[in-house]
Every structure is written in C-alpha cells, then in structure tokens.
Amino acid sequence: MTNTSKILRDNHGRNHSYLRISLIERCNLRCTYCMPEAGVQLSPKSHLMTYEEIFSIAKTFVDHGVTKIRLTGGEPLIRKDIPIIIEKLATLPVELSITSNAVIIERFIDVLKDNGVKNINISLDSLQKDKFASITRRNQFDKVYENIMLLIKEGFKVKINAVLMKDFNEDEIVDFIKFTKENNVAVRFIEFMPFDGNKWDLSKMVSYKDVMERVNEAFPKSQIERLQDAPNDTSKNYKITGYAGSFAIISSVTNPFCDSCNRLRLTANGQLKNCLFSSGESDILGTFRAGKSIEPVIKKAVQAKHFMRGGMDTLEKLQEPKRHTNNRSMITIGG
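Given the structure is predicted, the values throughout are model-derived calculations rather than measurements.

### Some points on the pairing of strand E2 (residues 68–72)
Of all five residues in E2, four are buried; the element is thus mostly enclosed. Strand direction decides the pairing type here: strand E1 (residues 18–22) and E2, joined by five bridges, are parallel. In the strand pairing of E2, Tyr18 is matched with Lys68. Where E2 lies against strand E3 (residues 95–100), four bridges are found, and the strand directions are parallel. Counterpart to Lys68 in the pairing with E3 is Glu95. The β-α-β motif built from E2, the intervening helix H3 (residues 82–89) and the parallel element E3 has right-handed crossover chirality.

### Some details on helix H10 (residues 295–303)
Those residues of H10 that sit buried are Val297, Ile298, Ala301 and Val302. Seen along its axis, H10 keeps its buried residues to an arc of 125 degrees; they face one direction. In H10, those exposed residues whose orientation departs by more than 90 degrees from the buried face are Pro296 and Lys300.

### Thoughts on the pattern of salt bridges
Applying the stated criterion across every chain, the model contains 13 salt bridges. We note a salt bridge from Lys129 to Asp142, for which the minimum N-O separation is 3.0 Å. One end of the pair, Lys129, is in helix H5 (residues 129–136); the other, Asp142, is in helix H6 (residues 141–153), and 13 residues separate them in sequence. Residue classification places Asp142 among the partly exposed positions, given a relative accessible area of 48%. Between Asp229 and Arg226 there is a salt bridge whose closest N-O contact spans 2.9 Å.

### Details of the packing of aromatic side chains
Applying the stated criterion across every chain yields a total of six aromatic pairs. Residues Tyr238 and Phe247 carry aromatic rings whose centres are separated by 5.5 Å and whose planes lie at 15 degrees to one another, so their mutual orientation is stacked. A relative accessible area of 8% means that Tyr238 is categorised as buried. Taken together, the ring pairs in this structure connect Phe132, Phe141, Tyr145 and Phe179 into an aromatic cluster. One Lys or Arg, Lys131, reaches over the ring of Phe168 and ends 5.9 Å from the middle of that ring. Directly above the aromatic system of Tyr238 lies the positively charged group of Arg226, at a separation of 5.1 Å from the ring centroid.

### Comments concerning the nonpolar core
Core analysis: the biggest nonpolar cluster contains 81 residues, and Ile21, Ile69, Leu71 and Phe189 have the highest contact counts within it. Among the elements that take part in this core, helix H2 (residues 51–63) stands out by supplying six residues, more than any other.

### Topic: H6
With 13 residues, H6 extends 18 Å from end C-alpha to end C-alpha; this agrees with the ideal 18 Å at 1.5 Å per step. Every buried residue of H6 is listed here: Phe141, Val144, Asn147, Ile148 and Leu151. Seen from one end, H6 has its buried residues packed into an arc of 135 degrees, which puts them on one side. Tucked into the core, H6 has its buried residues touching helix H4 (109–114), strand E4 (119–123), H5, strand E5 (157–164) and helix H7 (173–179). Downstream of H6 by one or two residues, Gly155 has phi in the positive range, about 90 degrees.

Cut-offs used in this document
- Residues numbered from 1 in each chain as written.
- Predicted model: local features only at pLDDT ≥ 70, side-chain atom pairs only at ≥ 80, totals over all residues.
- Heavy atoms only, no water.
- Buried < 20%, exposed > 50% of the residue type's maximum accessible area, 1.4 Å probe, protein only.
- Helix = DSSP H or I, 4+ residues; strand = E, 2+ residues; numbered from the N terminus.
- Pairing = 2+ DSSP bridges.
- Right-handed = clockwise from strand over helix to strand, strands pointing away.
- Arc of directions from axis to C-beta.
- Salt bridge = Lys/Arg side-chain N within 4 Å of Asp/Glu carboxyl O.
- Phe/Tyr/Trp six-rings, centres within 6.5 Å; stacked < 30°, edge-to-face > 60°.
- Lys NZ or Arg CZ within 6 Å of the ring centre and 35° of its normal.
- Core = buried A, V, L, I, M, F, W, Y, C linked by side-chain atoms within 4.5 Å.
- Expected span 1.5 Å × (residues − 1).
- Contact = heavy atoms within 4.5 Å.

Structure representation (structure tokens):
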C-alpha cells in the first residue's frame, strides 16, 4: 500500500513522486559542462548497482509513492544490461522514460517500444556540426541528428535538451525554435548550472530573460503562445503558432522551480541525492547490501531537503565556488 506521507513528503510539504536513476558514470561523449576536462574518478564496478539491486530499490520507492522513473547516466544505453533493466522496471506501475545522447539509440528502438518507453529526452546543444564537436569533444553530430529524426518518425515523444552558454550557442536559440516548425519535438533551453569541474560562472549563463528577448525579436508577439505547464514541471513552456513542436526554458538558476519540486536522484553507485545542487548524499546501496531496510534512509534524506537549490537560496550563495567543489560532476550525478 502506498504511504507517501510517511516516506516521501519533505518538511516543506512536497511529495516526491519522481525518481531519476543513473545507471552508469561513463559516457561516449565528453560534454564540457558535464565532465571535467581531466575526466572523473569512476566508481569500481563492484560499487555500482546491479540490475537486480536497481529493480529492488526502485520497487521500494514505487511502493511509497513514486509514479515516474527516468533512466539517466552518463549514457545509460552503453550499459550492457540495459535491455534487462528496462524490461524489469517496465513491470512496475510507473511511467518509465530515458535520457540519452542518441549516439546509439537506434539499436534499442524495439526494446523501448516493447516496454512502453515513449518519452525520450535527447541532449543536443548545437545544430551545427563544428559546435557539436567542440562541446562534446566527439564527431557524432550526423549520427545524433539522424537518430533524432528516426525517433520522431517512430512516434516517440522527444524532448531536446540544450544547455545554453554565452558566446557559444545562444545565437542558435531561434534556429532551435525553427526546428520545431516541421518537427513535433519540445526543445528545452537549460540555464548553465554549476557543478564540480565545469568552470561555471554567472557571466557564462544565458538566462530565461535572455532567451525570451531573442524570441521576442525573432517572432511577432501574437505568434508566441504561452502553454499550460504540467504539475511539477521544471520548464516554462511556449510554442509558435502553427509550429508542430514547442519550446521551453528551464531556469534553475535565475527562476528556480523548487516550490513544486517532486524529484529525487539515485546515483549509479547507489547514493540518494535529494537535490541536484546538494552535496549531501545518503547511502542507499550500502544499506541495502547490509540487509537493512532502506526506508529510514530515504525518509531522513527527504526530510532533510532544503527548500531551494540545496540551501543556495540566493545567487550570491550559488556563486561561492566551495559550494560546488563538494558536489559531484554532473556525469556522476545523472543527467
């Protein structure tokens, strides 16, 4: 029997029904905002959750109110047992989705379809081949673009996540929106966020306000439609009248959505993070392997959740470097 109030409600009255599970710390791309240039110290394989552990731990969360699970990484599709993980989790009463860079996703179309995975988020920060190579340190643009078009053709609900950075890709905002004219995708512009090793500073960030200024310059005001945001949505959603798709802004830095946050994150090595920005972690896997109940650990972690950005409730606090060096790099948290 679901008992959301007992386990998954924090001290600010927020119920947590969305669990993001990172499956792997490795990736076949090397995006600069996600992975430090020198790489990361990977967890030993024995420290990572097995597919049986992923299923058992996920089931506990589902038994206590989780209704949505998203699989992330690293790149989750490079994990060898990913078909088994998807098949196991698909037996739970949840909406199952995945985030990928789409480099090899064509190999898994049938697995995704057979297990009811309809929502796919694709990371793509540029529509230009040279910029793509610069940000990812790999020459895979053609493959990614081809696979995005394949996913659209196959009827998946596709969201494209683009992290915006000044003097790099903010000049592509309008191009991304125009991509939605013929293609039924949701492009989501994400404010550049600080993590260990990604050389973040506020001056590199393209804000919600910056995005909308470019939108208003490029399109008549009468054609810019404000859409109804879904409950607990992280984004502010729009579309251009007559376009097949839509666009949105995720403003975690300048206009955070913390008041309605319903998300928890489980890292590939089994640590529970109650907030993307928080350096604090709770050892779920160690507790599970010791044969102990993980429910008290989950409850304590949820109740310890700060109201905003792991306690960084002002831009001044967000800009203090020491607050980010204690957090993980994005690739080891889970995208």
